[in-house]
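# Secondary and tertiary structure notes
What follows is each chain in one-letter form.
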Amino acid sequence: MADPQSEAEKIRNKRLAKLGGPAPAPTSESSSTESTDVQSISQPVAASSTPISRVFSPPPSKPCPKPVAALETPISQPPPRPRSNVNAESLETWADRTLSQIFRISLRPEQKTDAAGNRLLYVSGVKSELEDSGLPLQLTTEVLDGAIIEAASNTPDKKPLGYLLGCWKRVLRALRMVKSGDAKDPKTLTLKEAKRLCMSYCIFAITMPDMFGVEPTKRSPLLPYLLRDPESDSGICIEFLGEAVLRFEEDESIKEALITAIEQLSEELSKLTMNDNFKPYVAAFIGFLRHQELAAAITESPKFLPKDIEPQDIETQTLLGPFFALSPINGAVAESYFRGAQAQGDGFVANNQNSVRLTLRTHQDELLSITNCLVKKAKAREPLLDWFAMIVNKNHKRRATYVDQKIVSSDGFMINVTSILDRLCEPFMDSTFSKLDRIDVDYLRRSPRVDITDETKINADQKTSDDFYAQKAEGTNNFISEIFFLTIAAHHYGTEAANSQITHMQREIKHIERQLAKLEADRPKYMGNPRQLQVFDEHVKRYKDNLERSRSVIKAVQGILLDELAQQRSMQLMRYTIAWVLRLIQPESQYPKKEITLPLAEEQPLVFRCLPEYFIEDIVDNFKFVTGQMPHIIPSTQCEELVTVCITFLRSSEFIKNPYLKSGLISILYHGVWPFRGRAKGVLGDLLNGSKFCNKHLLHSLMKFYIEAESTGTHNQFYDKFNIRYEIFQVIRAIWGNSIYRQNLDIESKVHTDFFIRFVNLLLNDVTYVLGESFSAFQKIHDIQEELARNTEFTEQEKQDKQSQLEEFQSKAKANMQLTNETVSMLKMFTEVLAPAFTMPEIVQRLADMLDYNLESMVGPKQKNLKVTDPDQYAFKPALLLADLMSVYINLKDQTNFQLAVARDGRSYKPYNFEHAAEIMENMAGSLKSPEELKTWREFAGNVAAVKEAEEQAEEDLGEIPDDLLDPILATLMEDPVILPSSRTTVDRSTIRSHLLSDPHDPFNRVPLKIEEVIPDMAMKARIAEFKAEAKKRKFDTMHSAGDDGADKMDLSGN
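Residues numbered from 1 in each chain as written. Predicted model: local features only at pLDDT ≥ 70, side-chain atom pairs only at ≥ 80, totals over all residues. Heavy atoms only, no water.

Moving on, we get to the overall build of the chain. Across its full length, the chain holds 41 helices and five strands. Each of the 1055 residues in the chain was classed as buried or not, and the buried ones make up 51%. Within the chain, residue pairs in contact and separated by at least 24 positions form 74% of the contacts whose partners lie at least 6 positions apart. About 50,200 Å² of surface is accessible on the chain, with carbon and sulfur atoms providing 51% of the total. (Helix = DSSP H or I, 4+ residues; strand = E, 2+ residues; numbered from the N terminus. Buried < 20%, exposed > 50% of the residue type's maximum accessible area, 1.4 Å probe, protein only. Contact = heavy atoms within 4.5 Å. Areas by Shrake-Rupley, 256 points an atom, 1.4 Å probe, with all protein chains shown as cover.)

In structure tokens, the structure reads:
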């Protein structure tokens, strides 16, 4: 009994059976013959073997019938047509010649080549069968299948698929050359049958190469030919793939084989970089995906969306990953562009950065083609969105403070993903925002692809957020919403994350440079041992190579981020995001149809509060970069929207919890007023000065955040506030020429008095601090420089220590002086137009004390301690700083309470300082003060001296003041006593108001306190009034008594 067929043989026979179409039920004889013939096909065929059997060959006693076709009606041998010319070629002769040319086979051993000189394969087995059957030695469709098998099995290179693909291309050309439009034309039918058979055996060569005597390998037989030019004889063309798709329903193995080939294509590409020949892989994939059925088919691959994959493996172990991973910013590729850039100069870097941009643009165009092929097929679209979502969801660690690049996807990969998502957004981002409402606010409450569970929300705690998102919304998410939310997330973890890492990379480079310097300093230690020296040099070389690669990567990343086209696409998305967010917080405005009304309503929409913080952060990061690095690409319409969102969230700053996001809005305005390319006011300057919206809200917004910056809630908040306020000063300087803003400041001082006082108080705090820190640093610099110049006996180590101390104080002085100059300048500007507001009781004494102290430091006996070598390197211009301080005095000269405050400064006020300052200005070449100003200065000094004398007399007249009438903080006689509600202590109202400006607590027990809570102490006020009245009466009595005594003496002398 014969062994049953193996499972593999059954599958093979089933595939072979599909080569033909439906046939009559076979007799037992034919069934036996068919079985034998099918089995014989699976064996390798040699030219010297016995005649081969063909698929479904008939009994030998009968003429060879046609093979069963894969059509509903088998294609029969066309009958001979009447000949109109005795010399015309017969159909049989034409078929023999054409099939020989197409398949490059011959039934005659002596015929080695065809008419074009192409080598022909001699099919001896087919010839023998024809001779045994008594048939003419001509190639027909009936014998073609056997001829194909024999020829493909005996190709010189043992690559049957390559041979068959060439045949496929030739049969297609032959079909195109047939002039008859009749589908039943005999020649057309013959060629179609040849095409069908050729395709069938191509599939066998892919799925069952052992049919042709080729051992199966792990690498798909199809893969090498996918990588060839589709137009070449052995390349995979679009028609071939189309024909393969048509056979999917007949044979599932075809789809499986194609997917396997693409999986292997992707796997091989994952090992290549842009320094390698990667183009054929990308071109092959794009050509493959042009068939929508194939686009859908690849999403069925387990490699398309594998489960539990780590973020660092997405770009190598998913099907699409290697295509998106290709980037010129990856290590070795970046180095090939920028190696040695430091020695080459800026021109070299700029040219190569442009080359990097062009290279990536071209590749991203190809990635977009890949993505579009998948998006257009509904079955592929959803898995593609899932793949993008997996990328952003698994790469949250890319925004960590310190990023471990080994456990996240690479910058190159993420930038490509972000860029493609940007371009998918383009179709719905029109200039009129007509599709803005299609972005569904309920997307995140409807089982979204984007995971925001652990994201910080704009202004909601975790419980509020969890409760909100637990309330699921009905309906389904549309494609526009899917892409919009995915792209916003991709920006956060992609482009913006890459940008934020540049600073970290630059710090790493400095660290490597320091380590390298230390290493090279140790080189002399190994000079005596060649072997150790070799090891040492190899170690140094590794450091240098690492340093070179890091520098190259930074240059490449910067080049990519400076791509104007890519940034314009990003800005378009951010423009839509701004409009969408502004509509969210004020739906009735339908922004930009109507202007936003400020301040915003106190009640914040919960849907806005619970949005991920990166909706605002993306806007901030994107426009901080663009306004700072490439402001010329921002169009005017985007400037308006940008300014609107900045002012909106600074004016209603309570809508955003994170102070750094709000400081980012300040940075955008700050960069926006930087001059560039002939625009003296920057890209935003004209708008900030000319827009009614800006004129109305900008100044208050800047002042409000100036106050908020006092406490950012982080360990760096003390220093952060100075950077923020420096940027605020620059924006104010840019708008100060507009009289509307000066009028607004006056209004603020009168309408929002407490708000204004807090602003001025913090301004004075800053001036006091930065001047003190700067002068302290200069004194240290002066002392060390003097010591180094005077003492020549320092050891080398002592000199190094002193030099280190000097550099520390020099760095401190540089940082502080920049802010000092701006703060004093701002104080000068404000007091020039708003003198009364700066002499309110709560602040006037602090202002006078601060001015007197710094005047004393600059012109008093210790002024020589500020003399340092090369003051310009610190931006320290003593004469200019003194002139600005004098201007503040002059601006306030007519304010009586300011004169009184200066006179009351018992610590630093000295008449000598005023005169000496005037002399310094007079003796300077090109004096910074005019004679008229110096005259005014001296008049002010005289007025203060007179007030001082009067004050001293008044104090003497009061006599000894009872302790309980003195302010417990300032030890001065109270004018408006109030009781603090918790400590029950009585203080002067101006004193506690001034204290609360900096510290919102009762100074005696640290209980929170507001100025509205203090209680007027009427009894104490009455006692003070009584004390003053008594003192006045005593003075009057004394004067009267003195007068009487004088009169008596006169009378006595007259007697």
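Looking now at the sheet that holds strand E3 (residues 977-979). One open sheet holds the three strands; their spatial order is E4-E3-E5, and the pairing between them is antiparallel. Every interior strand has two partners, whereas the edge strands, strand E4 (986-988) and strand E5 (1015-1016), have only one. Where E3 and E4 come together, three bridges link them in antiparallel fashion. Bridge pairing links Ile 979 to Thr 986 in E4. Its contacts with the sheet place helix H40 (residues 989-998) against E3, E4 and E5, and it is angled at close to 85° to E4. (Pairing = 2+ DSSP bridges. Axes fitted to C-alpha atoms, helices over the stretch in contact; angles between N-to-C directions.)

In this structure the tally under the stated criterion is 56 salt bridges. The salt bridge involving Asp 442 is made with Arg 445; its shortest N-O contact spans 3.0 Å. A salt bridge links Glu 708 to Lys 662; the shortest N-O distance between them is 3.3 Å. In this pair, Glu 708 sits in helix H30 (residues 692-708) while Lys 662 sits in helix H28 (residues 659-672), placing the two residues 46 residues apart along the sequence. (Salt bridge = Lys/Arg side-chain N within 4 Å of Asp/Glu carboxyl O.)

What follows deals with the UniProt feature "coiled-coil region" (unreviewed entry) in the chain. Mapped onto the present numbering, the UniProt feature "coiled-coil region" (unreviewed entry) falls at residues 495-522. End C-alpha atoms of residues 495-522 are separated by 41 Å, and the span's content is 96% helix alongside 0% strand. (UniProt positions renumbered as here; feature names shortened; annotations may be inferred.)

Our next topic: unusual backbone geometry. Of the consecutive residues Tyr 591 and Pro 592, the connecting peptide bond is found in the cis state with omega at 10°. For Pro 592, the position within the fold is in the loop between helix H24 (564-585) and helix H25 (606-609). Geometrically, the link from Leu 598 to Pro 599 is a cis peptide bond, its omega value of -5° lying close to zero. Counting through the fold element by element, Pro 599 comes out in the loop between H24 and H25. Even without glycine at this site, Asp 870 takes up a positive phi of about 55°. Locating Asp 870 in the fold gives a position in the loop between helix H35 (844-859) and helix H36 (878-891). One non-glycine residue, Arg 984, adopts positive backbone phi at about 60°. Along the chain, the position of Arg 984 falls in the loop between E3 and E4.

Now for the nonpolar core. Formed by 295 residues in total, the largest nonpolar core has its most connected members in Phe 103, Phe 240, Trp 387, Phe 388 and Phe 649. In terms of residues, this core owes the most to one element, helix H33 (residues 753-790), which gives 16 residues. If sequence neighbours within four positions are ignored, Phe 649 has contacts with Val 581, Leu 582, Ile 585, Phe 608, Ile 616, Phe 655, Ile 656, Lys 662 and Leu 665. Leu 965, Met 1020, Ile 1024 and Ala 1031 belong to the second largest nonpolar core, which has nine residues in total. (Core = buried A, V, L, I, M, F, W, Y, C linked by side-chain atoms within 4.5 Å.)

Empty space within the largest pocket amounts to approximately 1,800 Å³. Arg 399, Ser 500, Thr 503, Asp 621 and Lys 624 are the residues nearest the centre of the largest pocket, which is lined by 42 residues in total. Examining the composition of the lining of the largest pocket, we find that nine residues originate from one element, helix H22 (residues 495-521), more than from any other. Residues belonging to the lining of the largest pocket are distributed by class as follows: twelve nonpolar, 18 polar and twelve charged. Within this model, the second largest pocket holds a volume of roughly 1,400 Å³. Around the second largest pocket, the lining comprises 41 residues; the ones closest to its centre are Gln 845, Arg 904, Thr 972, Leu 973 and Glu 975. For the lining of the second largest pocket, the elements supplying multiple residues, two or more each, are H35, helix H37 (896-904), helix H39 (931-958), H40 and helix H41 (1018-1054). In terms of residue count, H39 provides more of the lining of the second largest pocket than any other element does, seven residues in total. Of the residues in the lining of the second largest pocket, the class split is 15 nonpolar, eight polar and 18 charged. Composition of the lining of the second largest pocket by domain shows at least three residues from each of domain 1 (7-31 + 738-958) and domain 4 (965-1036). (1 Å grid on protein atoms, 1.4 Å probe; cavity = no way out; pocket = protein on both sides within 12 Å on 5 of 7 lines; lining within 4 Å. Points joined across faces, edges and corners; volume = space filled by probe spheres on them. Nonpolar A, V, L, I, M, F, W, Y, C, P; charged D, E, K, R; others polar. Domains from an automatic or database assignment.)

Let us look at helix H15 (residues 331-338). For H15, every residue scored as buried is listed here: Val 333, Ala 334, Glu 335, Tyr 337 and Phe 338. Looking at the buried side of H15, the elements it contacts are helix H16 (341-344), helix H17 (346-375) and helix H23 (530-561). Looking at the residues trailing H15, positive phi occurs at Gly 340, about 80°.

Attention shifts here to helix H10 (residues 252-269). Look at H10: 26 Å from first C-alpha to last across 18 residues, which is about the 26 Å you get at 1.5 Å a residue. All of the buried residues in H10 are Ser 253, Ile 254, Ala 257, Leu 258, Ile 259, Ala 261, Ile 262, Glu 263, Gln 264, Leu 265, Ser 266 and Leu 269. (Expected span 1.5 Å × (residues − 1).)

Summing up the model confidence of the chain, the mean pLDDT is 87 and the portion of residues at 70 or higher is 90%. Per-element confidence in the chain is highest for helix H14 (residues 321-325), whose mean pLDDT is 98, and lowest for helix H2 (residues 28-41), whose mean pLDDT is 32. Ignoring residues within four places in sequence, the model shows residues 1-8, a span with pLDDT below 50, making three contacts including any to other chains. Every residue in residues 18-86 is under pLDDT 50, and counting partners more than four places away or in other chains gives 107 contacts. (pLDDT = per-residue confidence, 0-100.)

This paragraph deals with empty space enclosed by the protein. For the coordinates displayed, the defined rule picks out five cavities of 30 Å³ or more. Estimates place the volume of the largest cavity at around 180 Å³. Every residue lining the largest cavity is counted, 17 residues in all, and those nearest its centre are Ile 415, Ser 419, Thr 495, Ile 560 and Ala 566. The residue makeup of the lining of the largest cavity, split by class, is five nonpolar, seven polar and five charged.

Now for the packing of helix H21 (residues 479-493) against H24. Contact geometry for H21 and H24: axes closest at 11 Å, N-to-C directions at 115°. As for the relative orientation of H21 and H24, their crossing is left-handed in sense. Of the residues in H24, those in contact with Phe 484, Phe 485, Thr 487, Ile 488 and His 491 of H21 are Ser 570, Leu 573, Met 574, Thr 577 and Trp 580. Residues that form the contact of H21 with H24 fall into these classes: six nonpolar, four polar and no charged. (Left-handed = near helix turned anticlockwise from the far one by under 90°.)

This brings us to the environment of Gly 146. Among the structural elements, Gly 146 can be located in helix H5 (residues 141-153). Gly 146 sits 23 residues away from Val 123 along the chain, and the two C-alpha atoms are 9.0 Å apart.

Attention shifts here to the packing of H28 against helix H31 (residues 717-735). With their axes 9 Å apart at the nearest point, H28 and H31 run at an angle of 35° to one another. H28 and H31 meet at a crossing whose hand is left-handed. Mapping the contact onto sequence places Tyr 660, Ser 663, Ile 666, Ser 667, Leu 669 and Tyr 670 in H28 and Asp 720, Ile 724, Tyr 726, Glu 727, Ile 728, Gln 730 and Val 731 in H31. Counted by class, the contact of H28 with H31 contains eight nonpolar, three polar and two charged residues.

On the surface, Ile 969, Leu 970 and Phe 1004 cluster together to form a nonpolar patch covering roughly 270 Å² of accessible area. Tracing the backbone shows Leu 970 in the loop between H39 and E3. (Patch = residues over 30% accessible without salt bridge, like charges linked within 9 Å, V, L, I, M, F, W, Y side chains within 5 Å.)

This next bit is on the packing of aromatic side chains. Counting across every chain of the model gives 46 aromatic pairs. Note on Phe 718 and Tyr 769: the rings are 4.9 Å apart at their centroids and 90° apart in plane angle, and the pair reads as edge-to-face. A residue pair is termed long-range when its members are at least 10 positions apart, and Phe 718 in helix H31 and Tyr 769 in helix H33 qualify at 51 residues. A connected cluster of aromatic rings, assembled from ring pairs, spans Tyr 443, Phe 484, Phe 485, Tyr 493, Trp 580, Tyr 614 and Phe 615. Above the plane of the ring of Phe 468 lies Arg 445, whose end atom (NZ or CZ) is 5.0 Å from the centre. When the ring centre of Tyr 706 is taken as origin, the NZ or CZ atom of Arg 725, which lies over that ring, is 4.4 Å away. (Phe/Tyr/Trp six-rings, centres within 6.5 Å; stacked < 30°, edge-to-face > 60°. Lys NZ or Arg CZ within 6 Å of the ring centre and 35° of its normal.)

To continue, consider the environment of Glu 832. For Glu 832, the location among the structural elements is in helix H34 (residues 796-833). Classification of Glu 832 by relative accessible area gives exposed; the value is 56%. The spatial distance from the C-alpha of Glu 832 to the C-alpha of Leu 892 is 7.9 Å, given a sequence separation of 60 residues.

To continue, consider the state of the cysteines. The full count for this structure, using the stated rule, is zero disulfides. Here Cys 202 stays unpaired: no disulfide links it, and the sulfur of Cys 198, its closest cysteine neighbor, is 4.3 Å away. By relative accessible area, which is 0% here, Cys 202 ends up buried. (Disulfide = S-S within 2.5 Å.)

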